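# Tertiary structure, described
Residues per chain are reported as follows:
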Protein chains: 2
Amino acid sequence: MCSYICKCKLYYLLTNNKIKLINSLKLKKNRDAHGLFLCEGEKVVKEFLNSKFEIEDVFSTDLNVFPEAIKVSSKELSRISHLKTPGNVLGLLRIPQYKFDISQLSDKITIALDNLKDPGNLGTIIRIADWFGIENIICSAECVDVYNPKVVQSTMGSLTRVNTYNVNLQEIIRQTTVKSYGAVLEGDNIYNASKINEGVIVFGNESNGIGEEVMSLLDNKITIPRIGGAESLNAAVSAGIICSELFRKTI
Amino acid sequence: MCSYICKCKLYYLLTNNKIKLINSLKLKKNRDAHGLFLCEGEKVVKEFLNSKFEIEDVFSTDLNVFPEAIKVSSKELSRISHLKTPGNVLGLLRIPQYKFDISQLSDKITIALDNLKDPGNLGTIIRIADWFGIENIICSAECVDVYNPKVVQSTMGSLTRVNTYNVNLQEIIRQTTVKSYGAVLEGDNIYNASKINEGVIVFGNESNGIGEEVMSLLDNKITIPRIGGAESLNAAVSAGIICSELFRKTI
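Basis of the calculations
- Residues numbered from 1 in each chain as written.
- Chains lettered and ligands numbered in written order.
- Predicted model: local features only at pLDDT ≥ 70, side-chain atom pairs only at ≥ 80, totals over all residues.
- Heavy atoms only, no water.
- Pairing = 2+ DSSP bridges.
- Helix = DSSP H or I, 4+ residues; strand = E, 2+ residues; numbered from the N terminus.
- Contact = heavy atoms within 4.5 Å.
- Axes fitted to C-alpha atoms, helices over the stretch in contact; angles between N-to-C directions.
- Buried area = accessible area lost by both parts, 1.4 Å probe.
- Salt bridge = Lys/Arg side-chain N within 4 Å of Asp/Glu carboxyl O.
- Polar contact = N/O pair within 3.5 Å; in protein donor to acceptor, adjacent residues only side chain to side chain.

This part takes up the sheet that holds strand β2 (residues 55-60) of chain A. Residue and element names in this part refer to chain A. Spatially, β1-β4-β2-β3 is the arrangement adopted by the four strands of the open sheet, whose pairing is mixed. At either margin of the open sheet sits one strand with a lone partner, and together these are β1 (36-40) and β3 (70-71). Here β2 runs beside strand β4 (residues 89-94); their pairing, made up of five bridges, is antiparallel. Bridge pairing links Ile55 to Leu93 in β4. Against the sheet, helix α4 (residues 42-49) makes contact with β1, β2 and β4, and its axis sits at roughly 130 degrees relative to β1, the strand it touches most.

Right, dumping it as structure tokens:
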């Protein structure tokens, strides 16, 4: 390769404007405006490269691992990274424009999130959905953005296999004939529930649970029985336990 | 109350040395040297105040909520808080000196953690143990410190009801006659496991799982069946699912 051309390319691709653009993607409004989001770390970027996501740019310090990437120095990578300890790669990707149709709820389990705020919880729930083969997650408008860098990182690549949709959750639950099940603190014991092959499983906000409006529309309320003293379980842990319980009944 | 005395007390209690001491407790070596740790937030501090933990000081902006606290301004609280958004209270507590005896493993389920590094995961696992009524968690020497402020916060007060011990995990598993069960990616399907009333359930490191030495000593290896594409589950989610599975068999 001609080093002159390489240097030019490098200069062009990591202008201050590009760095500014990438750093601006910490905020949802900028991600929405540009239709772009970031992913970082070798495992996560590899999963996105092998997925249906549209890749805008890949910047890496190691072209042996990422031959298709634009070479950057560690210092340059640390200027664009959102991580405290940047890895060897950062990917810039297009936000997909999935459209959700209510018929997608039929014949399967769907996770619905009402006002879930913690990025780590959302990422972990996407990973749980991927583990149990759940295709779709629908999120109320108040949920943390799926393309928040912390969410993307904590999915560990599962975002490439699980479809997420921003929806009007109340409208969907009101309109669908598919049964809805809310995870609450005082509902039916999940261990006694019968097999469910189709349903919308709703998980609420970390502090306040499911909002009143969605709550009033639910067909069923389900609970993980407690025998100790904790007031509640972490939202992602509850989701994991309930998904496991649904899945164990299908085998 | 005499405002002169109050001011003196305040002056004495929030000297720069005190602030330095509290801020130094971010590091394990300083927590160990002083035998002190911090907790923050109304719910968490209240749980510690009603627990067996020995309280050194409580600093609060709101004496209506915490009448026993030393009054501080919001600005003063933000100087000693470890949180991005300080609440209304910070408690300074003594680290308890629990001793673990191998006989404590009998007739119950105990969680064992091998080289667990993420503070949020450890806190969440302590909360899971509290939910399912598990009394004791034993941690290998390489685990993140239980009194790390992020761990304490994410237990949401459950640390007041679950005993944690730093142990030589290999020695304990080698010596005990209680059966050990390691959570691994390729073991026996947990849904088919028989009822367990006594056992040490071992969870490993977030990236590398259970270490070789502990692994070679395990009596059983258990796995949450996967049907989707995720490579693994989050460590705390795995712990939640496995604890739920153990508990559902006892009812």
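What follows is about the interface of chain A and chain B. Facing the 36 residues of chain A at the interface are 36 residues of chain B. Between chain A and chain B, the buried area comes to about 3200 Å², and carbon and sulfur atoms account for 63% of it. Area buried by chain A at its contact with chain B is led by Trp131, Tyr191 and Arg248 of chain A, which between them contribute 25% of it. Where chain A meets chain B, there are four salt bridges. One salt bridge connects Glu245 of chain A with Arg248 of chain B, and the closest N-O pair in it is separated by 2.6 Å. The interface formed by chain A and chain B includes 19 residue pairs in polar contact (both at pLDDT 80 or more). If you list the elements that add at least two residues to the side of chain A that touches chain B, you get α6 (119-131), β8 (180-189) and α10 (235-248) of chain A. Of all the elements, α10 of chain A adds the most residues to the side of chain A that touches chain B, at eight residues.

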